[in-house]
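Each chain, written out:
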Amino acid sequence: MKKLFDELSYKISKATTQQYSTSFSLGILALSASIRNPIYAIYGYVRLADEIVDSFHGYNKEKLLQKFKQETFDALEDRISLNPILQSFQETVHQYDIDRQLILQFLKSMEMDLQKIDYNSDLYKEYILGSAEVVGLMCLQIFVNGDKTNFEKLKPYAMILGSAFQKVNFLRDMKDDYYTLGRSYFPNLDFSLFDNNVKLSIEKEIEQEFREALVGIKKLPASARFGVYLAYRYYISLFRKIRRKSAHAILSERIRISNGAKISLMMSSYVQYKTSFL
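Along each chain, the written sequence defines residue order, and numbers are assigned to residues from 1. With the structure being a predicted model, the display of local features is reserved for residues of pLDDT at least 70 and the display and counting of side-chain atom pairs for 80 or more, all residues being used for whole-chain, interface and lining totals. Calculation of side-chain values draws on the structure's entire complement of heavy atoms; hydrogens and water are dropped beforehand.

1. Description of the pattern of salt bridges
So the rule is basically this: Any carboxyl oxygen of Asp or Glu within 4 Å of a side-chain nitrogen of Lys or Arg constitutes a salt bridge here. Under the DSSP-based scheme used, a helix requires at least four consecutive residues in state H or I and a strand at least two consecutive residues in state E, with every element numbered from the N terminus.
Under the criterion given, the structure shown has 16 salt bridges. Note that Lys69 is salt-bridged to Glu111, the shortest N-O span being 3.0 Å. Here the residue Lys69 occupies a position in helix α4 (residues 61-78), and Glu111 occupies one in helix α6 (residues 100-112), the gap between them amounting to 42 residues. The closest approach of N and O atoms between Lys167 and Glu205, which form a salt bridge, is 2.5 Å. Of this pair, Lys167 sits in helix α8 (residues 148-172) while Glu205 sits in helix α10 (residues 196-217), placing them 38 residues apart in sequence. Here the salt bridges share partners, and the residues they tie into one network are Lys2, Asp6 and Glu91.

The following block contains the structure:
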């Protein structure tokens, strides 16, 4: 029965999430059970594309990404795929009527990662839109369960939260992005001139985005609110740890939050959530 294949497909998307991200796995566990599988499907899909452009060295990444892109379109048109991650993704896209333009924008940013780009402000914004903001919007369509009015009301907050998350990722991953992958996302940034003052200006921008995003988190449906808040608290914690490091330090190491600290953060976040949100 196809039901068995669908169940397997969601399990594989869940396993992919758990394998690659402890923090997102904890955040998804904090969502209502009814929306966990579709969020796993979104993460699994995004993760697969990320792996192509970030990790598959020694292979023809452009060819692999174009094949993945075509398989995505085929899965959406045929409403089935033998790739379990694409299968769970297409099921989710159809169930929640996720805008295809969001998927196209995401794939465009993945294609940008295969090019040597000197990012100016416009390209920087375009990359963040496709790599992070539209992923937040895909999740939001699940959170509001097709309520278009609520989606439009919460859309700016979802985008700004995705932007904040991505910029924290950029700071966290600067060493590997620059020295391993040859990438620098921050616009017009000369790495030889990257110092504490430049780092501080980036951090001020991120701090403002987190402040604005929290307003939107408080307006989310109850089924999604704590899970998104937990992800927010994790990224705030990571951001604060990065802020305590010098510019030299983040170019020398990848800043992390230990798994033990993530569990502790989850418990403290629940107490704070109950106190502040309800």
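2. Considerations on the packing of helix α7 (residues 121-143) against α8
Operational definition: To get an axis, a line is fitted to the C-alpha atoms, and for a helix only the part in contact is used. The angle between two axes follows their N-to-C directions and goes from 0 to 180 degrees. Roughly parallel means an angle under 35 degrees; roughly antiparallel, over 145; roughly perpendicular, 65 to 115; everything else is oblique. Whether a crossing is left-handed or right-handed is set by the direction in which the near helix is turned from the far one by less than a right angle, anticlockwise for left-handed and clockwise for right-handed. By definition, residues are in contact when any of their heavy atoms lie within 4.5 Å. When residue character is reported, Ala, Val, Leu, Ile, Met, Phe, Trp, Tyr, Cys and Pro are called nonpolar, Asp, Glu, Lys and Arg charged, and the others, Gly included, polar.
Running from N to C, α7 and α8 point in directions that differ by 130 degrees, and their axes come no closer than 8 Å. Between α7 and α8, the angle is such that the two are oblique. The two elements α7 and α8 cross, and the hand of that crossing is right-handed. Judged by residue contacts, Tyr124, Tyr127, Ile128, Leu129, Ser131, Ala132, Glu133, Gly136, Leu137, Leu140 and Gln141 of α7 engage Phe151, Leu154, Lys155, Ala158, Met159, Gly162, Ser163, Gln166, Lys167 and Phe170 from α8. Here the residues of the contact of α7 with α8 sort into twelve nonpolar, six polar and three charged.

3. Quick word on the environment of Ser268
Along the polypeptide, Ser268 turns up in helix α13 (residues 259-277). Along the chain, Ser268 and Gln105 lie 163 residues apart, while their C-alpha atoms are 36 Å from each other.

4. A few points about the packing of aromatic side chains
This is how the line gets drawn: Only rings of Phe, Tyr and Trp enter the pairing, Trp through its six-membered ring, and a pair is recorded when the two centres are within 6.5 Å. The plane angle decides the type: under 30 degrees is stacked, over 60 is edge-to-face, the rest tilted. Burial classification: accessible surface area is computed with a 1.4 Å probe over protein chains only, and a residue below 20% of its type maximum counts as buried, one above 50% as exposed, and the rest as partly exposed.
In total, this model carries 19 aromatic pairs according to the counting rule given. With a centroid separation of 3.8 Å and an interplanar angle of 5 degrees, the aromatic rings of Tyr45 and Phe89 are classed as stacked. Highlighted residues: Tyr45 in helix α3 (residues 36-54) and Phe89 in helix α5 (residues 84-95), separated in sequence by 44 residues. Owing to a relative accessible area of 0%, Tyr45 belongs among the buried residues under this scheme.

5. Here's the deal with the nonpolar core
Selection rule: To form a nonpolar core, buried Ala, Val, Leu, Ile, Met, Phe, Trp, Tyr and Cys residues must be joined to one another through side-chain atoms within 4.5 Å.
If you look at the biggest cluster of nonpolar residues, it comprises 85 residues, and the most contacted ones within it are Ile42, Tyr45, Phe106, Leu140, Phe143, Met174 and Phe210. Here the element with the most residues in this core is helix α11 (residues 222-243); it accounts for 13 residues. Ignoring sequence-local partners within four residues, the contact set of Phe210 consists of Ala164, Phe165, Val168, Tyr232, Tyr235, Ile236 and Phe239.

6. Focus: the side chain of Arg47
Tracing the backbone shows Arg47 in helix α3. Arg47 gets classed as buried once you look at its relative accessible area, which sits at 17%. Setting aside residues up to four positions removed in sequence, Arg47 forms contacts with Thr16 and Tyr20.

7. Quick look at unusual backbone geometry
For Arg79, which is not glycine, the phi torsion reads 65 degrees and is therefore positive. Among the secondary structure elements, Arg79 is positioned in the loop between α4 and α5. Although it is not a glycine, Asp97 adopts a positive phi angle of roughly 55 degrees. With respect to the secondary-structure elements, Asp97 resides in the loop between α5 and α6.

8. Points about α8
Stated precisely, the cut-off is as follows: In this scheme, a helix's expected span is set at 1.5 Å multiplied by one less than its residue total. Bend at a residue means the angle formed by two fitted axes: the first through the 7 residues ending at that position, the second through the 7 residues beginning there. Here a polar contact is taken to be a pair of N or O atoms separated by no more than 3.5 Å, where protein atoms must pair a possible hydrogen donor with a possible acceptor and residues adjacent in sequence count only if both atoms sit in side chains.
Along its 25 residues, α8 runs 35 Å from first to last C-alpha, staying within 8% of the 36 Å computed at 1.5 Å per residue. Helix geometry: α8 is bent most strongly at Leu154, by close to 45 degrees, with proline Pro156 lying one to four residues after it. Capping the start of α8 is the job of one residue whose side-chain oxygen sits 3.1 Å from the backbone nitrogen of Thr149: Asp147.

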